[in-house]
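Reading the structure
As a plain string of letters, each chain reads:
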Number of protein chains: 2
Amino acid sequence: MREVAILGIGQTPVDEHWDLSIKELAGQAALAAMDDARRERADSLFIGNMLSGMLSKQENLGTLVSDWIGLLGIEAMKVEAACASGAAALRLGIMAVGSGVIDSALVIGVEKMTENLPMETTAALATAADGDFESSQGLSFVALNALVMRRYLYEYGWQHTDFANFSINAHANAMNNPNARLHERITIEAYNKARMIAAPINLLDASPIGDGAAALYLVPAQTVKPNGRKVVRLVGSASATDTIAVHDRPDPIWLTAAELSAKKAYAQAGLRPKDIDFFEVHDAFSIMSALSLEACGFADRGQGPRLAIEGDILSTGRIPITTMGGLKARGHPVGATGIYQIVESTLQLRREAGKNQLDKASTGMAQNIGGSGATIITHILQAL
Amino acid sequence: MREVAILGIGQTPVDEHWDLSIKELAGQAALAAMDDARRERADSLFIGNMLSGMLSKQENLGTLVSDWIGLLGIEAMKVEAACASGAAALRLGIMAVGSGVIDSALVIGVEKMTENLPMETTAALATAADGDFESSQGLSFVALNALVMRRYLYEYGWQHTDFANFSINAHANAMNNPNARLHERITIEAYNKARMIAAPINLLDASPIGDGAAALYLVPAQTVKPNGRKVVRLVGSASATDTIAVHDRPDPIWLTAAELSAKKAYAQAGLRPKDIDFFEVHDAFSIMSALSLEACGFADRGQGPRLAIEGDILSTGRIPITTMGGLKARGHPVGATGIYQIVESTLQLRREAGKNQLDKASTGMAQNIGGSGATIITHILQAL
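In this text, all values refer to a predicted model and were calculated from it rather than measured experimentally.

Another aspect to go through is the pairing of strand β10 (residues 363–370) of chain B. Residue and element names in this part refer to chain B. With 8 of 8 residues buried, β10 is to be regarded as a mostly interior element. Of the two faces of β10, both are covered, the one formed by Thr363, Met365, Gln367 and Ile369 as well as the one formed by Gly364, Ala366, Asn368 and Gly370. Direction of pairing for strand β9 (residues 278–280) relative to β10: parallel, over a ladder of 3 bridges. By the bridge assignment, Phe278 is partnered in β10 with Gly364. Bridge count between β10 and strand β11 (residues 375–382): 8 bridges; the pairing is antiparallel. Of the residues in β11, the one forming a bridge with Met365 is Ile380. Counting the residues in the hairpin turn of β10 and β11 gives 4 residues, including Gly371, whose phi is positive at 70°.

The operation relating chain A to chain B is a screw motion whose rotation component is 180°, with 0.0 Å of axial translation and a residual RMSD of 0.0 Å. The symmetry that links the two subunits is that of a two-fold axis. Taken together, the interface assignments show that 100% of the residues at the interface of chain A recur at the interface of chain B, consistent with an identical surface on both copies.

Moving on, we come to the nonpolar core. With 138 residues, the main nonpolar core has Phe163 and Phe298 of chain A together with Phe163 and Phe298 of chain B as its most contacted residues. Beyond its immediate sequence surroundings of up to four residues, Phe163 of chain B is in contact with Met149, Tyr152, Leu153, Trp158, Tyr191, Ser286, Ile287, Ala290 and Pro305 of chain B. Listed in part, the 84 residues of the second largest apolar core include Ala336 and Leu347 of chain A together with Ile9 and Met95 of chain B.

Residues and elements named next belong to chain A. Looking at the secondary structure, you find Gln357 in the loop between α13 (334–350) and β10 (363–370). Within the local environment of Gln357, its side chain forms a polar contact with the backbone nitrogen of Glu352, the two atoms lying 3.2 Å apart. Discounting residues that sit within four places of it in the chain, Gln357 has contacts with Leu347, Gln348, Arg351 and Glu352.

So, about the pattern of salt bridges. Residues and elements named next belong to chain A. Scanning the entire structure with this criterion turns up 42 salt bridges over all chains. For Asp36, the salt bridge identified is with Arg229, shortest N-O distance 2.9 Å. In this pair, Asp36 sits in helix α1 (residues 22–37) while Arg229 sits in the loop between β7 (212–220) and β8 (232–241), placing the two residues 193 residues apart along the sequence. Measuring nitrogen to oxygen at the nearest pair gives 3.6 Å for the salt bridge that ties Arg306 to Glu310. Assessed through its relative accessible area of 37%, Arg306 is described here as partly exposed.

What follows is about the interface of chain A and chain B. Tallying the contact residues gives 55 residues for chain A and 55 residues for chain B. Buried area between chain A and chain B, both sides added, is near 4100 Å², and the carbon and sulfur share of it is 54%. The partner of Asp130 of chain B in a salt bridge is Lys23 of chain A, with the nearest N and O atoms 3.3 Å apart. Our count for the chain A to chain B interface comes out at 30 residue pairs in polar contact (both at pLDDT 80 or more). For the side of chain A that touches chain B, the elements supplying multiple residues, two or more each, are α2 (52–56), α3 (61–68), β3 (75–80), α4 (85–98) and β8 of chain A. In terms of residue count, the dominant contributor to the side of chain A that touches chain B is β3 of chain A (6 residues). Counted by class, the side of chain A that touches chain B contains 27 nonpolar, 16 polar and 12 charged residues. Strand direction decides the pairing type here: β3 of chain A and strand β3 (residues 75–80) of chain B, joined by 3 bridges, are antiparallel.

So, about the environment of Asn368 of chain B. Residue and element names in this part refer to chain B. Inspection of the secondary structure assignment puts Asn368 in strand β10. Under the relative-accessibility criterion, Asn368 is labelled buried at 0%. Asn368 sits 60 residues away from Ala308 along the chain, and the two C-alpha atoms are 20 Å apart. Here Asn368 is in contact with Cys83, Ala84, Ser85, Gly86, Ala87, His282, Thr337, Gly338, Gln341, Thr375, Ile376 and Ile377, once residues within four sequence places are set aside. A polar contact is formed between the side chain of Asn368 and the backbone nitrogen of Ala87, at a distance of 3.1 Å. At a separation of 3.2 Å, a polar atom in the side chain of Asn368 contacts the side chain of His282.

This part is about the packing of helix α6 (residues 141–156) of chain A against helix α10 (residues 286–295) of chain A. Residue and element names in this part refer to chain A. Where α6 meets α10, the axes come as close as 9 Å, and the angle between the chain directions of the two elements is 60°. In terms of their interaxial angle, α6 and α10 are classed as oblique. Crossing handedness for the pair α6 and α10: left-handed. Of the residues in α10, those in contact with Asn145, Val148, Met149 and Tyr152 of α6 are Ser286, Ile287, Met288, Ala290, Leu291 and Glu294. In terms of residue class, the contact of α6 with α10 is made up of 7 nonpolar, 2 polar and 1 charged.

We now examine the environment of Leu204 of chain B. In this structure, Leu204 of chain B sits in the loop between β6 (201–202) and β7 (212–220). Residues Leu204 of chain B and Lys193 of chain B, 11 residues apart in the sequence, show an inter-C-alpha distance of 9.2 Å.

So, about the environment of Ala5 of chain A. All names here are of chain A. Tracing the chain through its elements places Ala5 in strand β1 (residues 4–11). With a relative accessible area of 0%, Ala5 lands in the buried category. Here the alpha-carbon distance between Ala5 and Leu72, two residues 67 residues apart in the chain, equals 24 Å. Those residues in contact with Ala5, other than ones at most four positions away along the chain, are Tyr217, Leu218, Val219, Pro220, Ala221, Val224, Val231, Val232 and Arg233.

Moving on, we get to the packing of aromatic side chains. Residue and element names in this part refer to chain A. By the definition in use, this model includes 8 aromatic pairs over all chains. Ring geometry for Tyr152 against Phe163: centres 6.0 Å apart, planes inclined by 70°, an arrangement best described as edge-to-face. With a gap of 11 residues between them, Tyr152 in helix α6 and Phe163 in the loop between α6 and α7 (164–174) connect regions that are remote in the sequence. Exposure class is identical for Tyr152 and Phe163. Each is buried. Ring centres 5.3 Å apart and planes at 35° place the aromatic pair Phe279 and Phe298 in the tilted group. Within this pair, whereas Phe279 is found in strand β9 (residues 278–280), its partner Phe298 is found in the loop between α10 and α11 (304–309), the two being separated by 19 residues in sequence. Relative accessible area serves as the criterion here: at 0%, Phe279 is assigned to the buried category.

The rules behind each value
Residues numbered from 1 in each chain as written. Chains lettered and ligands numbered in written order. Predicted model: local features only at pLDDT ≥ 70, side-chain atom pairs only at ≥ 80, totals over all residues. Heavy atoms only, no water. Buried < 20%, exposed > 50% of the residue type's maximum accessible area, 1.4 Å probe, protein only. Helix = DSSP H or I, 4+ residues; strand = E, 2+ residues; numbered from the N terminus. Pairing = 2+ DSSP bridges. Least-squares fit on C-alpha atoms with pLDDT ≥ 70 in both. Contact = heavy atoms within 4.5 Å. Core = buried A, V, L, I, M, F, W, Y, C linked by side-chain atoms within 4.5 Å. Polar contact = N/O pair within 3.5 Å; in protein donor to acceptor, adjacent residues only side chain to side chain. Salt bridge = Lys/Arg side-chain N within 4 Å of Asp/Glu carboxyl O. Buried area = accessible area lost by both parts, 1.4 Å probe. Nonpolar A, V, L, I, M, F, W, Y, C, P; charged D, E, K, R; others polar. Axes fitted to C-alpha atoms, helices over the stretch in contact; angles between N-to-C directions. Parallel < 35°, antiparallel > 145°, perpendicular 65-115°, else oblique. Left-handed = near helix turned anticlockwise from the far one by under 90°. Phe/Tyr/Trp six-rings, centres within 6.5 Å; stacked < 30°, edge-to-face > 60°.

Right under this line is the structure:
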């Protein structure tokens, strides 16, 4: 496998885009990524998406989008791995370019979720869980995460308020991200008294859905000519799965698939957790930030909230997370989220992250999660 | 890229499987393929499927199935390319194993279509077309194909009855395939007077939907030890797209994407049409058999029906097609069809095709089509 680099990035704001169809939304991000890469063609197109069939009555999304943006004739397909669909599409792009099958790939993540009735969107999201044993019991994703968080509080003795800084940090970082869904600073008082959704998860533990698309233009790293811009290389890429149902796991408050995929990615990159300058976590719910930090080696088991309490996750801390707002405040257009994470990591590595630019940003990690920890994909990026 | 071989195959009958959930159906084929390969693990699982979200309210199918069959921890994802989803999943398996990223891949195609109301299934299938300009006009897939066939008859002066042998041959071949959906010989009289669906397409021009799953176990060809069984190698694999809407094509009765992907696959394999011993075409409608034969170089433009009339497509003919019944009589569980074609080709190449065994079967070709010629994937297989 030859090494793969990100030559271009593109994104739309995460918002309610009622005026754009799903192909138009994906097309905007894709054309922006090609423009950023200064390329007019791509050999293949891989598009991560979970819900287009159910919510937009549109499949064959790969060909639809490649036709729409004028890339007639190329290979195109859609990839689905629930909320990890974006990173799954990136895995394919890396395999295709890395193997030498093709020399350039457009990787897109897109989701359009706000035009439907909320109950339709919630039901569609529940299809990521086991239909026979979870969603058929009425368990939505917030309910599943509430059970996990409740167990976590019980086992390790934390209070709900100990998770406040995960959300406060995400909202603060989103203030400077023009593409974020929420631009609203929150306080610990607001967090503590927010409306309950599914105890113990309240409104400020949960990420908002949204419409959005993000895109990457991939090429073999060896072909990138220096042009004054840092070259962002994908030095680790790994995916692992767990039981689809949380209740089937020996330890329901440990993300085995996160640990597995992170260990593989670390090994590929020849790095350890202490070498990672920032970490784009999949904070669909605040509990997930704690679990990811633990599984990936940044905190001891049961000690994830300590990193929030002690400021380690801030941009000035030991392991900054959700540097552009995370799922919590940038928003979570599910199939697109994994690509937003990579676009934002690329901005940090290129030192184009504006007011949120980290001082030290040579190595970043992004983790995208599908289902309740069922499908977890980890990428490590470097610019040297 | 190292060469990839098919070490194991599995399939369920194409039928109404109301007693099996989609994960059980996929699991049966996958376990059969592992059993055939004499392997108990696989490094990755790629599953081709189009409709599980809409018709079974189930996504995250990759992880769901890998968990169900006991392959905990591995990489898994679903791939969608409309009715070409099966072959798209095979493309990924070939890239992943061929590139050396992994050493074994389970590739599954699955679809469950018969439990829903027919109008739901028809509407779900229509999501393969352009939602803004085709399905929103009420154009179902049979309607789209009817427009194409009508134009073809007009341009080249054929009669509807000239297509009869495509369907008669498929039904005859399915008689000896225990996994086929239809076991019913048909005559030219029956074909001519069959119930009209969308003129000029009648019931015996159209393939039946069905529930079914088929699976392949892929490994690097160089690792296969001779054990008395022929080694089936994938010597060509290519995908191409066209405009998603038929009305956007300069020539709506020519499959440009079939021509493109076949030419690429021929070039990879170093072969020409005359070297192909049999061809599993995507005969969703009889008109598609004619168009595929032309685009892939087996008939002159506008002369596809001649191969049916003159017996060239029979098992004793110049280019046998649909040797186990094709979509027309084996059945068309859409996301699974591309893998059924490869399973059946493997049976021919291994000389395990029973009463339908071709005398000469060293090189086979299979072509899987998504949408109305929008996404076309061609594979060439060889056993020497």
